[in-house]
Amino acid sequence: MPRLFFFLCGVGLAGSAASAQLPGLRRYTPADHHQPAAPVVQGIDAQRAEFAAQSGGTTVYFGVGSAIVGAPAKAVLSAQAAWLRRHPEVVVRVEGYGDAGDTRDHALALGARRAEEARDYLLLLGIPSAQVSTTSWGKERSGLGRAVTILVR
Amino acid sequence: MKRLLYPLLLVSGMASAQPAAPTVIAIPPLTSPDSGARGNEMLAVGWEATEVIAADLGQTAELAPLKPNRDDYYAYPEVTAPTFSKWRSTGAKALVMGFVQSRSDGRLTFGCYVYDVDRGRELARKGFVIAPSEWRRAAHKCSGVAYTALTGAPGMFDTRIAYVAESGSGEGRMRRVAVMDSDGENLRYLTNGTSIVLTPRLAPKAQQLAYVSYADGRPSVRVLDLALGKERPLIATGAMSFAPRYSPDGSKIVFSMMTGDSSNIYVVDAAGGLPRRLTTSPGVDTDPSFSPDGSRIAFESDRGGSQQLYVMNADGSGQRRISFGNTAYAAPVWSPDGSWIAFSQRGPGTRRIGVIRPDGTGEAILTTGPGDESPSWAASSRALLFQRSDTSGRSTLWRIALDGTEPKPVTLSQGASDPDWSGAMD
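Residues numbered from 1 in each chain as written. Chains lettered and ligands numbered in written order. Predicted model: local features only at pLDDT ≥ 70, side-chain atom pairs only at ≥ 80, totals over all residues.

Caption draft 1: Spatial organisation of the overall build of chain B. Looking only at helices and strands, one finds 3 helices and 29 strands in chain B. Principal axes of the C-alpha set define a box for chain B whose edges measure 70 × 50 × 40 Å. Out of the 426 residues in chain B, the part that is buried amounts to 50%. Relative to all contacts within chain B whose residues are 6 or more apart in sequence, the contacts with residues 24 or more apart total 46%. (Helix = DSSP H or I, 4+ residues; strand = E, 2+ residues; numbered from the N terminus. Buried ≥ 20, exposed ≤ 12 C-beta atoms within 10 Å, placed from the backbone. Contact = placed C-beta atoms within 7 Å.)

Given below as structure tokens:
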């Protein structure tokens, strides 16, 4: 209980310190109490929202025909890995997609390669292999040219 | 067996080839030696069979049946002694005659005769003893006798077509594995539509079917016994697997499996067991297809930087590239007679169907695209089914002959993709 207390204090302090540094940010006023409170989301939806917000997005993009994880993709995956390290109880699945115009099985293979390459980068950053699975949607669903990390549980 | 003078396949010079005019063939209604009420019954079966034969042969690029006329009846003895002069006057070059006779054991004898009208000569004859319910298959076999006698190529009428039936549209469309006779009859759905399914592939006698299912959330090959309705995963591991195809004798299945970051080609006994790895290159090796003698496998690989066609021995040795175009080449399928490999060619904004010799010569593009893929051979090796997708993503099946004629749509009541045309069922 004391640890939780300190943790909350820390968050509060960090929050006010950050807002103090940002020019133009509206300070807290009692009037804010009149606005309806945001709905409290819990469980996997809340985690998904937090994961998406704190990892710079769930999606990484690839060049046409390529499964190479480029610099922008690495930045996103690094942020995902940082979040996943803080949430070892969470299991994710990386879902790869092929390209538009591709033939069915090549799209399937390319989507699988993209998912595996993205997963490999997460493992390289220290995420346990059991925490990340993969699948490929090829060209069977919309989302071409990318790999998306989905929270499973 | 003598053949009529027949145009050879024109595909090797496709660019300038004009399709040859199809041979006109007369198919008067099958007769019966039976008399009385039984005779009328047999004539009724014979008439239905006649219409099936005309429809079968009308699907081919090589033959043009005259519309059967129910008044063109002939007496039973004429089956073996046609009045050729009558058929010459109609312009017919070939003639199919036959009879349906009831047997004392309740079955039917189905006789089929093929004639060269100009020469006044018999080209082929065949008889079948069948259960009354099998009259349609007997008609398909008679179509095959006529087609083979006139073209020299195997018949493709007593065959089945598997495909993915698509109802609805877009991402939420329901996809089910469907199997029908090649004339569209006896349609059956083999999966219930709860999971995405892809690439159904029939075993050579159409008794088994391998396909890709997303039932477990990732693509994996499953094998379905059509008679027993029993299904099992092809491999025990949870690895992503896809692109299955049977060996010509039905004993093995080649397929792709993800190993780490690469897709490689494996072979496994159709009855089960441990898969054996045939390719080891990084990147994508997929869409393997056996040669008809089972000694070689065509496949696609991007090991050279772009997707191209390769051929290897069935044990994985001797891998050799056979396509060298600037565009991507994918999904090779070996023809049943061994002389061609069909493929999907992918250029900027377009996918088209083409064929190439197994040694890499004779490449020809058959369709105009822009959304064509998944070619599958007729047992005759003279025609292909393929999938054509429009801009809205709706897919339909089309059929094209190698002789340069325009492709024709296959009439189905719903969308369809990934056709697979079986060999003759016996």
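Caption draft 2: Quick peek at helix α3 (residues 135-151) of chain B. Residue and element names in this part refer to chain B. With 17 residues, α3 ought to run about 24 Å at 1.5 Å a step, and its terminal C-alpha atoms sit 24 Å apart, in line with that. Most of α3 is tucked away: 16 of the 17 residues are buried. Two residues or fewer after α3 comes G152, characterised by a positive phi angle close to 85 degrees. (Expected span 1.5 Å × (residues − 1).)

Caption draft 3: Focus on the domain arrangement of chain B. Domain parsing of chain B yields domain 1 (11-151) and domain 2 (160-421). Computed over C-alpha atoms only, the centres of domain 1 of chain B and domain 2 of chain B are separated by 34 Å. (Domains from an automatic or database assignment.)

Caption draft 4: Just the sheet that holds strand β3 (residues 94-102) of chain B, in detail. Residue and element names in this part refer to chain B. As summarised here, the arrangement of the 5 strands in space is β2-β1-β3-β4-β5, forming an open sheet in which the pairing is mixed. Looking at the sheet topology across the chains shown, the edges are occupied by β2 (63-65) and β5 (121-130). Direction aside, neighbouring strands of the sheet carry axes that sit 25 degrees apart on average. Alignment of strand β1 (residues 23-26) against β2, held across 3 bridges, turns out to be parallel. Pairing of T23 across the sheet is with L63, part of β2. Sheet strands touched by helix α1 (residues 36-58): β1, β2 and β3. Its angle to β3, the strand with the most contacts, is close to 145 degrees. The sheet contacts of α3 involve β1, β2, β3, β4 (108-116) and β5, and relative to β5 the element is tilted by about 160 degrees. (Pairing = 2+ DSSP bridges. Axes fitted to C-alpha atoms, helices over the stretch in contact; angles between N-to-C directions.)

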